[in-house]
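Coordinates in review
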Number of protein chains: 2
Amino acid sequence: MELTMSKRMAAMQPSAIREIFKNLTDPTVIPFAGGNPSQEAFPVKELENISRIVFENNPITALQYSISEGYPQLREAAKQFANSREPGLTHPGDGIIITSGAQQAIDLAAKCLVNDEDVILCENPSFIGALNAFRTCRAKLVGIDVEADGISLEGLEAAIRENPRAKLLYVIPNFQNPTGATMSQQKRQGVYELCRQAGIVILEDNPYGDLRFTGKHIPAIKTMDSEGIVCYCGTFSKIISPGLRVGYAIAPTALLDKMVVAKQCNDVHTAVLSQIICCQFLQSCNMAGHLGALQKLYRGKCELMVQGLRQHLPRASFTAPEGGFFIWCTLPADIDLMAFVRAAGEAKVAVVPGTTFLPQENTPCTAVRLNFSAPTNQQIVEGVERLGRVLDRFPR
Amino acid sequence: MELTMSKRMAAMQPSAIREIFKNLTDPTVIPFAGGNPSQEAFPVKELENISRIVFENNPITALQYSISEGYPQLREAAKQFANSREPGLTHPGDGIIITSGAQQAIDLAAKCLVNDEDVILCENPSFIGALNAFRTCRAKLVGIDVEADGISLEGLEAAIRENPRAKLLYVIPNFQNPTGATMSQQKRQGVYELCRQAGIVILEDNPYGDLRFTGKHIPAIKTMDSEGIVCYCGTFSKIISPGLRVGYAIAPTALLDKMVVAKQCNDVHTAVLSQIICCQFLQSCNMAGHLGALQKLYRGKCELMVQGLRQHLPRASFTAPEGGFFIWCTLPADIDLMAFVRAAGEAKVAVVPGTTFLPQENTPCTAVRLNFSAPTNQQIVEGVERLGRVLDRFPR
């Protein structure tokens, strides 16, 4: 029998990145396409020790069912950690939920807030995982251009004016995925003010916030949230391990309570062993030292890629990011983007076409997203050289 | 600002069981309310060893991002295991996805198949976690009575006739939650035939199938699935560990491919450490011996509870289950169910009112669901005695 899929899923396609990722088993392909942390970044010894201690001291808790809100000690440790990184992050009336990665926090927040045909405002371009989650809520996506210092406030104002059904604004203020742009302090205030006036909830996603390797910290939008309109999403995927799937959301309890119910219906709770491992890591490790080492690692990788791009792709333009995992590299305006991506693939360099990240996929775009966190230093040097040779084959 | 919740979530309330579960931290309360495996059932030593070996041999795979379909070796091992338990389970054109517990498999299947206002047929009563997941899809639930040998075929036939928008039938054929009833071979054939004729997808949930402790194995409905209309959900929660959150679905690839996309949007993938631990357990442990020990453990607990109920609650009626975790205990027809549940709580015995499991919560019901897997033998004896004293206080 032919099965008919639901309206919410019928048009959904697999994420191009996840699909590319499946083909990354070929070790000769240079991985600029994914968003994996560096293999060198995993605190393997510490996690191994913690795991051993959990099985010695607390196996039943790690193996038994738990509550949907999350392992209580991790909720406390994550809240403390987030507030230590972002002073004033939590407000009276806020709560915290542990989620199966920040992806689930984004998905649950949208499911709890957005009806079919409602509008979700987002940065253009933006994180494909979030955009696809919004699409499964049958929301209409309206993208607002990202400038070097973050989302266009004029664009946001116009989008709010033109979309009375705008319910949610999704932003990644730090080292945005995919552009690497960081939203200025002034724009964060502007975004908060515009959304507050319009009654729009802000979904603030901060997966890379702990990985600033240059420039000055800018406080999260959530720190301004006197009105209770911001849902802040964090994750341990980039600083401990993505495979463990542990993220969290800090939000007003009215929203959070519904997200807990939605999570009960979705996966009951996040894997407890993963939660306890993250909890013990936060409690027992020198987090400042650990994060410092990660920042140093990724600063080096980013600088290598920036140098290579300047040397080998002089016709491309890009802004060097102050943190995170990605460089958004805009190729000459007349280039056939897909032909470039294919040619790069033939040269065994995997890159993602910028079109993947567009809320409206048919908008013209000649950028590629380049990931510098996963490849080795040698792969970065070699891969950028190859991309330069590929680009040289395209006519001026 | 007051936040307005989406239509799909506005009316949703926390699962009564999850809420009761939160209050179960009081160790003096006898836990007949939950659905936890016995603490004695966890293969702690084996899992501890496996976890140590994973960190020694394969830490990066366990900690890094993975693919949404699931860890390839676990997909293979789970498929083999499921087919060894249910010969002929998979058919040409079927695939397998690893999910974050069977709950996620149920949730994803419904999201991929059901539109707002579509009808999901289900057993009456049924598993609250599934019913709530269906409610978040804005489906209309139509319950069909469960008899001692499973769902009423006349009821199913009438429901199909009366509900042209019926899209999905959700059933738990083995040791159903909450009734403990097992669907007969004949009824499984009847269910398959009726659904095949009506073009209705069957969502077959088999969380307890490996825990048959008496009677004869009856093949899963999925084994008959020549037409590709059955999505079969399994889990390692009851036989390895629920805290690891690893389940799976075996289904026609047309459905499965969409479930993979939905999973990408939902939590990207299931925790890899959890997946590898389950995989290694399936591959390296004597599964027949392990399952035999679990069956023996739960047979003993079930018999204790059955004896106690016969002795101390002669006014209640129930059917002794052939496996699983639950006894459905129907109290005298004129009893005030909620008053009984409250009085049991005051006597420090936690039970769930049967109304929790009804697709239409206002249907009259005087049953409670009693769980025998989680309490110790002593707690079973003492708890049933207390329930008897509580019931005796209610007038005849």
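All values reported here derive from a predicted model rather than from experimental measurement.

1. Description of the overall build of chain A
A count of helices and strands for chain A gives 14 helices and 13 strands. Computed over the C-alpha atoms, the radius of gyration of chain A is 21 Å, within 12% of the 21 Å expected from 2.2 N^0.38 for a compact globule of 396 residues. Dimensions of chain A, computed from the C-alpha atoms along their principal axes, are close to 60 × 60 × 50 Å. In chain A, which comprises 396 residues, the proportion classed as buried is 67%. In chain A, 78% of the contacts between residues at least 6 apart in sequence involve partners at least 24 apart. Working note: accessible area of chain A is about 13,900 Å², and carbon and sulfur atoms make up 49% of it.

2. Some words on the confidence of the model for chain A
Of the residues in chain A, 97% have a pLDDT of 70 or more, and the chain-wide mean is 95. As scored by the predictor, the complex reaches a pTM of 0.97 and an ipTM of 0.96.

3. Some points on the sheet that holds strand β2 (residues 94-99) of chain A
Residues and elements named next belong to chain A. The sheet built from eight strands is open, its strands ordered β2-β9-β8-β7-β6-β3-β4-β5 with mixed pairing. Each end of this open sheet is capped by a strand with a single partner; those strands are β2 and β5 (150-151). The pairing of strand β4 (residues 140-147) with β5 spans two bridges and is classified as antiparallel. Residue pairing for β5: E147 is matched across the bridge by G150. Packing of helix α6 (residues 101-113) onto the sheet brings it into contact with β2, β6 (166-171), β7 (201-205), β8 (230-235) and β9 (247-252), and relative to β8 it is tilted by some 160°. Contacts between helix α8 (residues 153-162) and the sheet are confined to β3 (119-124), β4, β5 and β6, with β4 contributing the most and set at about 160° to the helix.

4. A few points about the interface of chain B and chain A
Between chain B and chain A, the contact holds 86 residues from the first and 86 residues from the second. Summed over both partners, the interface of chain B with chain A comes to about 7,200 Å²; 60% of that surface belongs to carbon and sulfur atoms. The largest per-residue losses of area from chain B upon contact with chain A belong to M1(B), L63(B) and Y65(B), which jointly make up 11% of the total buried on that side. Between R8(A) and D116(B) there is a salt bridge whose closest N-O contact spans 3.8 Å. Put simply, chain B and chain A have 44 residue pairs in polar contact (both at pLDDT 80 or more) between them.

5. A word on the environment of N49(B)
Here N49(B) is to be found in helix α3 (residues 44-57). For the pair formed by N49(B) and L203(B), sequence separation is 154 residues and the distance between their alpha carbons is 35 Å.

6. Notes on the relation of the copies chain B and chain A
Placing chain B over chain A gives an RMSD of 0.0 Å and needs a rotation angle of 180°, together with 0.0 Å of translation along the axis. On the angle and the small slide along the axis, the relation comes out as a two-fold axis. Comparing interface residues between copies, 100% of those in chain B also sit at the interface in chain A, which points to an isologous, same-surface contact.

7. Here's the deal with the packing of aromatic side chains
Overall, the coordinates contain 20 aromatic pairs over all chains when judged by the stated rule. Ring centres of F340(A) and F394(A) lie 5.9 Å apart, and the angle between their planes is 55°; on these two criteria the pair is classed as tilted. A residue pair is termed long-range when its members are at least 10 positions apart, and F340(A) in helix α13 (residues 337-346) and F394(A) in the segment after α14 (377-392) qualify at 54 residues. Of the residues examined, F394(A) reaches a relative accessible area of 15% and is grouped as buried. Both rings, one in F236(B) and one in Y248(B), keep their centres 5.4 Å apart while their planes meet at 40°; by these two values the pair is tilted. Here F236(B) is found in the loop between β8 (230-235) and β9 (247-252), whereas its partner Y248(B) is found in strand β9, with twelve residues between them in sequence. For F236(B), a relative accessible area of 0% translates into the label buried.

8. Side note on helix α7 (residues 128-136) of chain B
Spacing of three or four residues puts side chains on the same side of an α-helix, whose turn is 3.6 residues. Residue and element names in this part refer to chain B. Taking burial as the measure, the nine residues of α7 include nine buried ones, the bulk of the element. Residues of α7 that are buried include every one of I128, G129, A130, L131, N132, A133, F134, R135 and T136, and no others. Just beyond α7, the residue with positive phi is R138, at close to 60°.

Rules of the game
- Residues numbered from 1 in each chain as written.
- Chains lettered and ligands numbered in written order.
- Predicted model: local features only at pLDDT ≥ 70, side-chain atom pairs only at ≥ 80, totals over all residues.
- Heavy atoms only, no water.
- Helix = DSSP H or I, 4+ residues; strand = E, 2+ residues; numbered from the N terminus.
- Rg over C-alpha atoms; globule rule 2.2 N^0.38 Å.
- Buried < 20%, exposed > 50% of the residue type's maximum accessible area, 1.4 Å probe, protein only.
- Contact = heavy atoms within 4.5 Å.
- Areas by Shrake-Rupley, 256 points an atom, 1.4 Å probe, with all protein chains shown as cover.
- pLDDT = per-residue confidence, 0-100.
- Pairing = 2+ DSSP bridges.
- Axes fitted to C-alpha atoms, helices over the stretch in contact; angles between N-to-C directions.
- Buried area = accessible area lost by both parts, 1.4 Å probe.
- Salt bridge = Lys/Arg side-chain N within 4 Å of Asp/Glu carboxyl O.
- Polar contact = N/O pair within 3.5 Å; in protein donor to acceptor, adjacent residues only side chain to side chain.
- Least-squares fit on C-alpha atoms with pLDDT ≥ 70 in both.
- Phe/Tyr/Trp six-rings, centres within 6.5 Å; stacked < 30°, edge-to-face > 60°.

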